[in-house]
Amino acid sequence: MVLTCGFAASAQAPVGGAVEPTLDFEYYRTKVEPMFFRKRPERARCYSCHSFGTPLVIQKLSPGATTYNEEQSRQNMQTLRRVVVPGNAMRSRLVLMPLAHDVGGTEFHPGGKHFMSRNDPELTVLVDWINGAKATPAGAAR
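These numbers come from a predicted model, not from an experiment.

Caption draft 1: How the structure looks around the side chain of Arg40. Inspection of the secondary structure puts Arg40 in the loop between α2 (25-32) and α3 (46-50). Within the structure, the side chain of Arg40 is placed 3.4 Å from the backbone oxygen of Met35, a separation counted as a polar contact. Once residues within four sequence positions are removed from consideration, Arg40 is found in contact with Met35, Cys46, His114 and Glu122.

What follows is the structure, given as structure tokens:
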């Protein structure tokens, strides 16, 4: 999905009896959660701040671990539900906080702005997840 389409679609509320998208755990675990640990130039990893002391606290890694176990991932996804509006990325603080203000994000994010453009590949992953993207099962055609 092209990100601008994701934003355009997310600006609309469900019509009639339409069901809002659900947040897919496998997509979250394989595509969204690894972003917490990525080093960005001149910015801390999301995990560095969000594993303690912020209003949005994700799980601490188990001693010696470099990734979350399934239970920790499920707890993290539950935590993120507080800042996500399924089907509406532009109302989701998970998108708005790290997105540059001049392209639609909030004015301030204590960790700095990680996404300077709506076309940032990581932002596309977040928007797609919020809009209901599902993980591709292993071995399935893409």
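Caption draft 2: Region of the structure containing the environment of Lys31. Mapped onto the fold, Lys31 is located in helix α2. Taking the relative accessible area as the measure of exposure, Lys31 reaches 37% and is therefore partly exposed.

Caption draft 3: Up close: the state of the cysteines. Enumeration over the complete set of coordinates arrives at zero disulfides. Of all cysteine sulfurs, the one in Cys49 lies closest to Cys46, which takes part in no disulfide; the gap is 8.5 Å. Cys49 sits in the partly exposed class, given a relative accessible area of 34%.

Caption draft 4: Here's a closer look at the side chain of Ser73. Counting through the fold element by element, Ser73 comes out in helix α4 (residues 70-80). Contact partners of Ser73, with chain neighbours within four places excluded, come to Phe25, Tyr28, Arg29, Glu33 and Tyr68.

Caption draft 5: Up close: the environment of Pro41. Topologically, Pro41 is positioned in the loop between α2 and α3. In this structure, the C-alpha to C-alpha distance between Pro41 and His114, residues 73 residues apart in sequence, is 9.2 Å.

Caption draft 6: Representation of the pattern of salt bridges within the structure. In this structure the tally under the stated criterion is three salt bridges. For Glu122, the salt bridge identified is with Arg38, shortest N-O distance 2.7 Å. Taken as a pair, Glu122 in helix α6 (residues 121-130) and Arg38 in the loop between α2 and α3 lie far apart in primary sequence, 84 residues in all. We classify Glu122 as buried; its relative accessible area is 15%. Through salt bridges that share partners, Arg38, Arg40 and Glu122 make up one connected network.

Caption draft 7: Structural detail: α2. Three or more residues of α2 are buried, namely Phe25, Tyr27, Tyr28 and Val32. The buried side chains of α2 occupy one side of the element, clustering within an arc of 165° when seen end-on. On its buried face, α2 is in contact with α4 and α6. One side-chain oxygen at the N-terminal end of α2 lies 3.5 Å from the backbone nitrogen of Glu26; it belongs to Asp24.

How each quantity is defined
- Residues numbered from 1 in each chain as written.
- Predicted model: local features only at pLDDT ≥ 70, side-chain atom pairs only at ≥ 80, totals over all residues.
- Heavy atoms only, no water.
- Helix = DSSP H or I, 4+ residues; strand = E, 2+ residues; numbered from the N terminus.
- Polar contact = N/O pair within 3.5 Å; in protein donor to acceptor, adjacent residues only side chain to side chain.
- Contact = heavy atoms within 4.5 Å.
- Buried < 20%, exposed > 50% of the residue type's maximum accessible area, 1.4 Å probe, protein only.
- Disulfide = S-S within 2.5 Å.
- Salt bridge = Lys/Arg side-chain N within 4 Å of Asp/Glu carboxyl O.
- Arc of directions from axis to C-beta.

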